[in-house]
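# Structural description and commentary
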Amino acid sequence: MPQKGIARRIGLARSLSKLGYCSRSRAAQLIRAGRVQLNGRVRRDPETPVRLERDRILLDDHAIDQQPKIYLMMNKPRGLVTTASDEKGRDTVYDVLEKAGESLPWVAPIGRLDKASEGLLLLTNDSEWGARVAAPEMHLEKTYHVQIASLADDKLVQAILSGVSGDDGDILRATRARLLRSGDKNCWLEIILDEGKNRQIRRMLAAFGIRVLRLVRVAIGPLQLGKLAKGDYRALSSEETQAVDCNAQVSDFGPQTSSQ
């Protein structure tokens with residue numbers, strides 16, 4: 001534990017992220033390009049130690065100050081990738097923010113939804129809050145409504161709860177599952193997870209020979225997608241951000257492996 005009165009030092013790239021200016025990877029690019037000064041000197045090492053309480057950071061000769069904290073809920077449409085830029089030129093969730101025409105600070109998604117998935121996605125520039133929410137030890141439940149190309153029975157629901165071994169040896173199982181409604185040839189399931197294995201629902205159902213037609217995340221912990229229109233977003237209230245928070249202390253955004 002740092003001694004009282006001694007400012008804790010963190011890396012320069014992480015400092016820019018912690019201030020809510022940009023991601024750590026983008027900060028590292030800016031630093032290596034010689035665009036960042038620390039106390040009047042250009043620094044090219046992203047790990048240069050910084051005391052945020054005392055040191056002055058400049059980017060292109062402009063001071064970098066603490067950005068206002070922002071917390072957003074988006075109803076991600078199908079067909080968008082959850083990334084700032086895509087090497088294949090595909091549309092991203094940031095296109096939704098740009099179309100709104102608002103002047104927003106940089107935000108990053110908490111976890112991911114893959115291109116074919118849709119629904120509730122959280123974004124923030126508060127890296128510490130985002131890390132706590134994404135921390136595996138939090139076991140924050142995520143609720144999905146899944147349309148499958150077959151009819152489900154109690155046996156399938158129990159198999160989803162019991163779990164199945166994935167290709168990599170992972171045991172893929174749901175915390176809770178139930179049948180929502182059925183048609184003639186397909187049905188909707190509600191599947192709740194409390195872990196973030198990559199494409200967990202799709203891999204789990206594929207192991208049973210079941211094809212996913214649609215996958216919609218409708219809740220993260222106490223946050224409900226509700227009536228938020230597809231392709232829209234809104235700010236979270238302070239009560240909502242506190243509701244999904246936890247006491248886990250994680251240094252920064254961890255691996256983003258919770259895409260479905």
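The following refers to the structure shown. Being a predicted model, the structure only gives us computed values, none of them experimental.

The next subject is the pattern of salt bridges. Applying the stated criterion across every chain, the model contains eleven salt bridges. A salt bridge links Glu141 to Arg176; the shortest N-O distance between them is 3.0 Å. Taken as a pair, Glu141 in the loop between helix 4 (127-134) and strand 10 (142-148) and Arg176 in strand 13 (residues 176-182) lie far apart in primary sequence, 35 residues in all. Across the salt bridge formed by Lys197 and Glu195, the nearest N and O atoms sit 3.9 Å from each other. Taking relative accessible area as the criterion, Lys197 reaches 21% and is therefore assigned partly exposed. The class for Glu195 is partly exposed, based on a relative accessible area of 28%. Salt bridges here are not isolated pairs; linked through shared partners, they connect Asp114, Arg199 and Arg202.

Before going further, it helps to examine the sheet that holds strand 3 (residues 41-42). Pairing is antiparallel in the open sheet, where four strands are placed in the order 3-2-5-6. Edge strands, defined here as strands with exactly one partner in the open sheet, are strand 3 and strand 6 (62-63).

Summed over all chains, the structure comprises one aromatic pair. When the ring of Tyr71 is compared with that of Trp129, the centres are 4.9 Å apart and the planes differ by 80°; the resulting orientation is edge-to-face. With a gap of 58 residues between them, Tyr71 in strand 7 (residues 71-76) and Trp129 in helix 4 connect regions that are remote in the sequence.

One finds Tyr144, Val146, Ile148, Ile160, Ile191, Ile201 and Leu205 to be the most contacted residues of the largest nonpolar core, which totals 22 residues. Looking at this core, the elements with two or more residues in it are strand 10, helix 5 (154-162), strand 14 (187-193), helix 6 (200-207) and strand 15 (212-220). Ranked by the residues each element gives to this core, the list is headed by strand 14, at four residues. Aside from chain neighbours lying at most four places away, what touches Ile148 is Leu156, Asn186, Cys187, Leu189, Leu205, Ile210, Arg211 and Leu213.

Of all eight residues that make up helix 4, six are buried, and the element is covered over most of its length. Of the residues making up helix 4, those classed as buried are Ser127, Trp129, Gly130, Ala131, Arg132 and Val133. Looking at the packing, one finds that the buried side of helix 4 touches helix 1 (12-18), strand 7, strand 8 (108-110), strand 9 (118-124) and helix 7 (238-243).

This part takes up the environment of Gly231. Within the element layout of this structure, Gly231 appears in the loop between strand 16 (223-224) and strand 17 (233-235). Given the relative accessible area of 25%, Gly231 is considered partly exposed. Between the C-alpha atoms of Gly231 and Met74, which are 157 residues apart in sequence, the distance is 7.1 Å. Excluding residues that lie within four positions of it along the chain, Gly231 makes contacts with Asn75, Pro77 and Val96.

Another aspect to go through is helix 5. Buried within helix 5 we find Leu156, Val157 and Ile160. Looking straight down helix 5, one finds its buried side chains confined to an arc of 100°; they lie on one side. More than 90 degrees from the buried face of helix 5, the exposed residues found are Asp154, Lys155 and Ser162. Its buried side turned inward, helix 5 meets strand 10, strand 13, strand 14 and helix 6. Gly163 sits one or two positions beyond helix 5 and adopts a positive phi of about 100°.

Along strand 10, six of the seven residues are buried, which leaves the element largely enclosed by surrounding structure. Relative to strand 14, strand 10 runs antiparallel, the two being bridged by seven bridges. Directly across from Tyr144, in strand 14, lies its bridge partner Ile191.

What counts, and where the lines are drawn
- Residues numbered from 1 in each chain as written.
- Predicted model: local features only at pLDDT ≥ 70, side-chain atom pairs only at ≥ 80, totals over all residues.
- Heavy atoms only, no water.
- Salt bridge = Lys/Arg side-chain N within 4 Å of Asp/Glu carboxyl O.
- Helix = DSSP H or I, 4+ residues; strand = E, 2+ residues; numbered from the N terminus.
- Buried < 20%, exposed > 50% of the residue type's maximum accessible area, 1.4 Å probe, protein only.
- Pairing = 2+ DSSP bridges.
- Phe/Tyr/Trp six-rings, centres within 6.5 Å; stacked < 30°, edge-to-face > 60°.
- Core = buried A, V, L, I, M, F, W, Y, C linked by side-chain atoms within 4.5 Å.
- Contact = heavy atoms within 4.5 Å.
- Arc of directions from axis to C-beta.

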